[in-house]
Amino acid sequence: MADSPYPHLLEPLQVGSITLKNRVLMGSMHVGLEEDWSYEKMGAYFAERAKGGVGLMVTGGIAPNRQGWLKPFAAKMSNQIEVRRHRTLTDAVHAADGRIAMQILHAGRYGYHPISAAPSAIKSPITPFGPFALSGRGVENTIDNFVRCAQLAQDAGYDGVEIMGSEGYLINQFIVRHTNKRTDKWGGEYEARIQFPLEIVRRTRAAVGPDFVLIFRLSLLDLIPDGSTWEEVVMLAKALEEAGVSILNTGIGWHEARVPTIATMVPRGAFTWVTRKLKGEVSVPLVTSNRINTPEVAEEILARGDADMVSMARPLLADPDFVNKAAAGKSQSINTCIGCNQACLDHIFSNKRASCLVNPRACFETELPKPTAPRGLKVAVVGAGPGGLSAACEASEMGHQVTLFDAQTEIGGQFNLAKQIPGKEEFYETLRYFKGRLADAKVDVKLGQMVGLEELKGFDAVVLATGVKPRELRFDGADHPKMLSYVDVLQGAEVGEKVAIIGAGGIGFDVAEFLTHVDHGEGPNLQDFLSEWGIDESHQTRGGLVPAKQASSPREVTLMQRRKGKLGAGLGKTTGWIHRAQLKKRGVTMLAEVAYEKVDDAGLHIKVAGEPQVLDVDHVVVCAGQTSFVPLQEPLQAAGVKVKVIGGAKLAAELDARRAIREGMEAAIALSQ
Ligand code: FAD
Ligand code: NAP
Ligand code: SF4
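This one's a predicted model, so the numbers in the text were calculated from it and none came from an experiment.

(A) Seen up close, the overall build of the protein. Check the secondary structure of the protein and you find 23 helices and 27 strands. Along the three orthogonal principal directions, the C-alpha set of the protein runs to about 75 × 65 × 50 Å. Every one of the 673 residues in the protein was classed for burial, and the buried ones make up 60%. Within the protein, contacts between residues at least 6 apart in sequence are counted, and of these 73% link residues at least 24 apart. Split by element, the accessible area of the protein, about 26300 Å² in all, is 50% carbon and sulfur. For the protein, the distance from the average position of its 75 positive side-chain charges to the average position of its 78 negative side-chain charges is 5 Å.

Structure below.
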């Protein structure tokens, strides 16, 4: 491994009789293909990642019985019909020289259905259904169901199973007093509460034999009040090793925890210190996880000795070839996961199939092909925002001769504004990736050039990715010097200490973040993150929580919207609460039902639910959405040029980079068929 670019990351790992190619574990993600009748799409999805060189992959959670469903009719493994279905998947992975384990997940009180079961009948704060308490017989049956599920997974050709014991699911609910009030042998003191996971592991190991990989996902930091102490975690880890686990994987935070654990504003590798604390306490390999998204970060974590393997889940949605690219010394060409959750977790929480904002082919491997164009066309792409970048790279890789134009002197469009937002530094990575990909695909890039009809007439086809322009507002004083647009602010305009923001969509929230952030000048900082969210690094408290540090803000900000109801209701399902909580901590005032009357030297005159108010502010920043910017479509069509309009240029409403990038890819496919 001496001349390997990442010697620790790419070093093989022996687990029992199995040799894993490297130290990368693709962590479990429910992607919405688990419930498909045919597992062909799942097979294609995992086979692509196996070809990409991942050491060991773990499927999304599969329930051991109906009570353990995540939602009604969710995937489970309890009979031979299901085994046959899974064989399609394991065969596809093994044909691609990969290794895969099936995760067994019993949702317990997190089950989104009326037959959920838990140690005690205590409803979770994040589901509408109250669980029923398992009887003593019910507990025994559940353990048997875990064991049967593992045996069936073995029959289905899996290399192992992962028993999900973290994130607040059933096993975690048994471990912690707060959700386990039982008075029988499965409740009471800690030693009794951990018998449920220990019995599952002991009996599973006995049933599957010594060579089957048995991973246990252990909650190392619950991040809930009354969670486990560090001494308890260590006690359980040692007992699990004795009971027969082959690998311990790290779990951070229950789903009901009010602490961000994987969103983009969490610093990279923010929780590996927790795994490091367990090193030396057990001898089985330890896997660390959460916000590890580059080979450099992964290598540093392993070289430092924080863990024996790294778990990356979303980064392998973003780039299935992550490991092969790292091994080939081409980490600069990795499509980096930006931690946005927009197309993966947010889709799952909206009952949609997961994909990836930066890689729309993820989980759509069989539906978004990459055809070779029968006739290479001369294609112009106008606009080098996310939509245009995607269209240009895809079209060129399919065999067209592509020229990409942008009026700006750098690629990226609105991403150049987005990357200025504290916590969105990962957006730089997407621009780095596209820059390299444009060069590899030999796209002719012409920047600093605002193109019109004349420049485009000689092309066979034109993709218009000209994006959006900020909506202009009309009221008295709309041209007052106090008025600024979000573009002015993010391009460096001076902003006073008292600010009102019109519009509370994604950009309004981002601008509020930008204006209230205290800049320490060195990017995301782990100590600031831990103290801002009340995470106890010494882990002396139950659940690892301490009072959060009082946040300060350099400005007094009021964020407003016209509609009634909670501000930020339209933000991402898994990240909106973080943005709201963060701004509240910094004292941002949030006003709904606002009518904007006028701006003058006294400030912004508004009515809130009909009541007049004057906000004495230095500046009013308009973040009131956008309108499409597509001046060229009609003249081009009139000149007989084939035109495709994508991204913001096609529809400004509810535009995001996820849609823009996908439409760029679809436009290229359409030109090639
Ligand atoms: P744009 O990015 O608007 O790019 C259009 C490009 O076309 C521009 O570079 C422009 O110069 C060029 N152009 C226009 N006309 C011509 C012409 N005639 N000749 C040459 N060039 C021309 N989205 C998310 O999904 N997640 C986020 O977290 C997120 N955060 C954001 C934060 C901020 C502060 C902002 C401002 C936006 C954010 N967005 C986010 C939105 C996202 O950036 C846009 O949805 C996306 O950039 C739209 O892509 P696009 O390709 O359609 O157009
Ligand atoms: P947006 O989400 O549509 O929000 C626009 C805001 O302006 C709303 O609060 C709207 O609320 C208000 N508004 C609309 N018309 C108005 C008018 N005529 N006068 C006054 N207020 C008006 O748009 P955006 O914030 O510009 O964001 C653009 C896109 O970028 C979004 O669709 C989003 O998906 C994406 N984005 C995503 C993120 C993210 O973190 N995921 C971050 C930034 C941007 P009222 O009508 O109630 O006033
Ligand atoms: Fe990562 Fe965002 Fe893609 Fe999810 S959608 S995998 S968070 S880049």
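(B) Representation of the packing of aromatic side chains. In total, this model carries twelve aromatic pairs according to the counting rule given. A connected cluster of aromatic rings, assembled from ring pairs, spans Phe-146, Phe-174, Trp-186 and Phe-196. Seen from the ring of Phe-459, Lys-378 lies directly overhead, with NZ or CZ sitting 4.9 Å from the centre. Across from the ring centre of Phe-364, 4.8 Å away, lies the NZ or CZ of Arg-662, which sits over that ring.

(C) Spotlight on the sheet that holds strand S19 (residues 498–502). The five strands are arranged S18-S25-S19-S20-S21 in an open sheet whose pairing can be described as parallel. Of all strands in the sheet, those bounded by a partner on one side alone are strand S18 (483–485) and strand S21 (589–591). Put simply, the sheet's adjacent strands are angled 25 degrees from each other on average, direction ignored. Strand direction decides the pairing type here: S19 and strand S25 (residues 619–622), joined by four bridges, are parallel. Paired with Ile-502 across the two strands is Val-622, which belongs to S25. In this fold helix H18 (residues 506–516) packs onto S19, strand S20 (556–560), S21 and S25, with an angle of close to 175 degrees to the strand it touches most, S20.

(D) Looking closely at the domain arrangement of the protein. Domain assignment breaks the protein into domain 1 (13–348), domain 2 (378–470 + 627–671) and domain 3 (483–517 + 553–624). Look at where the C-alpha atoms of domain 1 and domain 2 centre, and you get two points 39 Å apart. Facing the 16 residues of domain 1 at the interface are nine residues of domain 2. Buried surface at the junction of domain 1 and domain 2, summed over both partners, amounts to about 1100 Å²; 47% is from carbon and sulfur atoms.

(E) Geometry of the site of ligand 2. Around ligand 2, 22 residues are found, and the nearest of them are Ala-504, Ile-507, Arg-562, Arg-563 and Gln-626. A distance of 3.3 Å separates an oxygen atom of ligand 2 from a polar atom in the side chain of Lys-424. Gly-506 is positioned with one of its backbone polar atoms (N or O) 3.3 Å from an oxygen atom of ligand 2. Isolated, ligand 2 exposes 890 Å² of accessible area, and the fraction of that covered by the protein chains is 77%. In terms of residue count, the dominant contributor to the shell around ligand 2 is H18 (three residues).

(F) Representation of the site of ligand 1. Residues in close proximity to ligand 1 total 37 residues, the closest being Gln-342, Asp-406, Lys-424, Gly-648 and Ala-657. Here an oxygen atom of ligand 1 sits 2.9 Å away from a polar atom, N or O, in the main chain of Gly-387. With respect to ligand 1, the backbone of Ala-657 contributes an N or O atom lying 2.8 Å from an oxygen atom. Starting from 1000 Å² of accessible surface for ligand 1 in isolation, the protein chains cover 93%. Every element with two or more residues in the shell around ligand 1 is listed here: helix H13 (386–397), helix H14 (415–418), helix H17 (486–490), H18, helix H22 (647–650) and helix H23 (657–672). For the shell around ligand 1, the residue count by class is 19 nonpolar, 13 polar and five charged. Inspection of the shell around ligand 1 shows a minimum of three residues originating in each of domain 2 (378–470 + 627–671) and domain 3 (483–517 + 553–624).

(G) Just unusual backbone geometry, in detail. Despite not being glycine, Phe-73 shows a phi value in the positive range, around 60 degrees. Tracing the backbone through its elements, the reader meets Phe-73 in the loop between strand S4 (56–62) and helix H2 (80–95). Assessed through its relative accessible area of 69%, Phe-73 is described here as exposed. Of note, the phi angle at Ala-609 is positive, near 50 degrees, even though the residue is not glycine. Considering the arrangement of structural elements, one finds Ala-609 in the loop between strand S23 (603–608) and strand S24 (611–615).

(H) Spatial organisation of helix H15 (residues 427–440). Relative to the 20 Å expected for 14 residues at 1.5 Å per residue, H15 spans 20 Å between its end C-alpha atoms, a close match to the ideal helical length. Regarding H15, the residues found buried are Phe-427, Glu-429, Thr-430, Leu-431, Tyr-433, Phe-434, Arg-437 and Leu-438. The secondary structure elements touched by the buried residues of H15 are H13, strand S14 (401–406), H14, strand S15 (444–447) and H23. Looking one or two residues past H15, Lys-442 carries a phi angle of roughly 60 degrees, positive in sign.

(I) Just the packing of helix H6 (residues 195–208) against helix H7 (residues 230–243), in detail. Look at H6 against H7: their axes get within 9 Å of each other, and the N-to-C directions meet at 20 degrees. The angle between H6 and H7 places the two elements in the roughly parallel class. Note that H6 runs across H7; the crossing there is right-handed. Contact with H6, carried on its side by Pro-197, Leu-198, Val-201, Arg-202 and Arg-205, involves Leu-236, Ala-239, Leu-240 and Ala-243 of H7 and no other residues of that element. Its residues assigned to classes, the contact of H6 with H7 shows seven nonpolar, no polar and two charged.

About the thresholds
Residues numbered from 1 in each chain as written. Chains lettered and ligands numbered in written order. Predicted model: local features only at pLDDT ≥ 70, side-chain atom pairs only at ≥ 80, totals over all residues. Heavy atoms only, no water. Helix = DSSP H or I, 4+ residues; strand = E, 2+ residues; numbered from the N terminus. Buried < 20%, exposed > 50% of the residue type's maximum accessible area, 1.4 Å probe, protein only. Contact = heavy atoms within 4.5 Å. Areas by Shrake-Rupley, 256 points an atom, 1.4 Å probe, with all protein chains shown as cover. Lys, Arg positive; Asp, Glu negative; His and termini not counted. Charge placed at Lys NZ, Arg CZ, Asp CG, Glu CD. Phe/Tyr/Trp six-rings, centres within 6.5 Å; stacked < 30°, edge-to-face > 60°. Lys NZ or Arg CZ within 6 Å of the ring centre and 35° of its normal. Pairing = 2+ DSSP bridges. Axes fitted to C-alpha atoms, helices over the stretch in contact; angles between N-to-C directions. Domains from an automatic or database assignment. Buried area = accessible area lost by both parts, 1.4 Å probe. Near = heavy atom within 4 Å. Polar contact = N/O pair within 3.5 Å; in protein donor to acceptor, adjacent residues only side chain to side chain. Nonpolar A, V, L, I, M, F, W, Y, C, P; charged D, E, K, R; others polar. Expected span 1.5 Å × (residues − 1). Parallel < 35°, antiparallel > 145°, perpendicular 65-115°, else oblique. Left-handed = near helix turned anticlockwise from the far one by under 90°.

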